[in-house]
Amino acid sequence: MTDNTVNDSVQALQPGATVGVVGGGQLGRYFVIEARRLGYHTWVLDPDENAPAMQLAEHKLVAAYDDRQALETLGLACDAVTVEFENVPAESLQQLAQHCRVAPGADSIRIAQDRVLEKQTAEQHGLQAVPYAALRQVSDIAPAVAAVGLPAIVKTARLGYDGKGQVVCKTESDVRQAFADQGEVVCVLERRIALEAEVSVVLARGYDGETAVFPVAQNVHVNGVLHTSTVPASVDESLVERARHMALTLADGLDYHGVLAVEFFIDADSRVFFNEMAPRPHNSGHYTLDATLSSQFEQQLRALCALPLGSTQLLSPVCMLNLLGDTWTAGEPDWQTLFQQPGAHLHLYGKAEARPGRKMGHVNCLADTAAAGETLADLVNRQL
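Quick look at the structure, then. Source: prediction; values computed, not measured.

1. Quick look at the nonpolar core
Okay, so step 1: Counting 28 residues, the largest nonpolar core has Val201, Phe264, Phe274 and Met277 as the members making the most contacts within it.
Okay, so step 2: Top contributing element to this core by residue count: helix α8 (residues 237–253), with 7 residues.
Okay, so step 3: Ignoring sequence-local partners within four residues, the contact set of Phe274 consists of Glu118, Lys119, Ala122, Leu127, Gln128, Ala129, Val130, Leu250, Val262, Glu263 and Phe264.
Okay, so step 4: Judged by nonpolar contacts, the second largest core, of 21 residues, contains Leu45, Leu61, Ala90 and Ile109.

As structure tokens, this is what we get:
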């Protein structure tokens, strides 16, 4: 441990300090890579001893995210701890905060875990959410449909991601069935808008309120899972600026510390709607590993350690292509064809088992223009 204390939470932690991450997936893996590159000692807590981040960490804690003894060990060993995904129990972060610096804090995590609270919070800070209503019981359905309109989407309030826990509904009967199929857990009914584009803003915010925003990415989803993220986005710059401003407003309103991703929908009338936030690095920010001066993971480390934030300057137009387990259906992909493509940068996450829909890696396709990057990503996708 360094001489940092919990009460002196804004002291800069220099190389040689110890940082930890709760969650051992690919986002944690890249955080560990950046931390070790810059000379920090690393701990990872995850239930899976072979998780991607666990493969690279100096110290591994194989335990559940709510294991109090493991959390105490982590908190006492580290100067600062961050998270790899938002479904870490907020109570675990509160326990960690008794021993070391934690960013983002439990309050931001708690908000991101609940779609209803997330939308309410965004609206409180002046962002416009897609019209929605909460479904807590069957009697909420009729008034929710009347308020939101149809078609609409039923989404579970908690634990839904990559299209999971989401059902498109055309009639009130569909809504009733979807709510029943979800086990009548709390859901949101969200209007299905005429979508023109989806964009995401990835930013970092330090303890001193300093912010750094990465170039806004335009995202394409297939079957509810992110397929590509392209930078620069091909939407009107005024809409890009509006999304950027909204994301910064939310980060400031939350007094957020760390890397934050905010997703927006743009409809046919050029309205920008808040979709959701991720209190961590984001899949759509993976392009920063090759196409910007500093990556989202370096920013995560810098913000956590109260260091000056890095530059987000774009070095090249880029299209990030997600590699899902489906690519392995016929066996190991033909990597040779990928390596023959100038500008294609492969990243694999070290996952032993490829399953349909599972994120196994990504390819950053750098080119002279965003359109050329998309063309290269399409070519790589077809060749693999």
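2. Re the sheet that holds strand β7 (residues 152–156)
Okay, so step 1: Sheet architecture is open: 4 strands sit in the order β6-β9-β7-β8, paired in antiparallel fashion. Each of the sheet's edge strands pairs with one partner strand only, and the pair in question is β6 (132–135) and β8 (166–169). Taking each pair of neighbouring strands and ignoring which way they run, the sheet shows an average axis angle of 25°.
Okay, so step 2: In this structure, β7 lies alongside strand β9 (residues 187–191), joined through 5 bridges in antiparallel fashion.

3. Structural notes on the packing of helix α1 (residues 26–37) against helix α10 (residues 296–304)
Okay, so step 1: For the pair α1 and α10, interaxial distance at closest approach is 8 Å and the crossing angle is 65°. In terms of orientation, α1 lies roughly perpendicular with respect to α10. For the crossing formed where α1 meets α10, the hand is right-handed. Contact residues: α1 offers Leu27, Tyr30, Phe31, Glu34, Ala35 and Arg37, while α10 offers Phe297, Glu298, Gln300, Leu301 and Leu304.
Okay, so step 2: Here the contact of α1 with α10 is composed, by residue class, of 7 nonpolar, 1 polar and 3 charged.

4. Brief notes about the side chain of Gln341
Okay, so step 1: Its location among the elements puts Gln341 in the loop between α11 (335–339) and β17 (344–348).
Okay, so step 2: Note on Gln341: relative accessible area 18%, which makes it buried.
Okay, so step 3: In contact with Gln341, other than residues within four places in its own chain, are Leu376, Leu379, Val380 and Gln383.

5. Focus: the pattern of salt bridges
A side chain of one charge can pair with a side chain of the opposite charge if their charged atoms are brought near each other.
Okay, so step 1: Throughout the structure, instances matching the rule amount to 17 salt bridges.
Okay, so step 2: Residue Lys119 pairs with Glu190 through a salt bridge whose shortest N-O separation is 2.7 Å. Taken together, the positions of Lys119 in helix α5 (residues 115–124) and Glu190 in strand β9 put the pair 71 residues apart, joining distant regions of the chain.
Okay, so step 3: Overall, the relative accessible area of 2% leaves Glu190 in the buried class.
Okay, so step 4: Here Arg205 ties to Asp255 by a salt bridge, and the two come within 2.9 Å at their closest N and O atoms. Residue Arg205 is located in strand β10 (residues 195–205), and its partner Asp255 is located in the loop between α8 and β14 (258–267); the two are separated by 50 residues in the primary sequence.
Okay, so step 5: For Asp255, a relative accessible area of 44% puts it in the partly exposed group.

6. Looking at α1
Okay, so step 1: Look at α1: 16 Å from first C-alpha to last across 12 residues, which is about the 16 Å you get at 1.5 Å a residue.
Okay, so step 2: For α1, the buried fraction is high: 9 of the 12 residues fall into the buried class.
Okay, so step 3: Of the positions making up α1, those classed as buried are Gln26, Leu27, Gly28, Arg29, Tyr30, Phe31, Val32, Glu34 and Ala35.
Okay, so step 4: Just beyond α1, the residue with positive phi is Gly39, at close to 90°.

Here is what the cut-offs are and how they apply
- Residues numbered from 1 in each chain as written.
- Predicted model: local features only at pLDDT ≥ 70, side-chain atom pairs only at ≥ 80, totals over all residues.
- Heavy atoms only, no water.
- Core = buried A, V, L, I, M, F, W, Y, C linked by side-chain atoms within 4.5 Å.
- Buried < 20%, exposed > 50% of the residue type's maximum accessible area, 1.4 Å probe, protein only.
- Helix = DSSP H or I, 4+ residues; strand = E, 2+ residues; numbered from the N terminus.
- Contact = heavy atoms within 4.5 Å.
- Pairing = 2+ DSSP bridges.
- Axes fitted to C-alpha atoms, helices over the stretch in contact; angles between N-to-C directions.
- Parallel < 35°, antiparallel > 145°, perpendicular 65-115°, else oblique.
- Left-handed = near helix turned anticlockwise from the far one by under 90°.
- Nonpolar A, V, L, I, M, F, W, Y, C, P; charged D, E, K, R; others polar.
- Salt bridge = Lys/Arg side-chain N within 4 Å of Asp/Glu carboxyl O.
- Expected span 1.5 Å × (residues − 1).

Remember, this is a structural readout, not a statement about activity or role.
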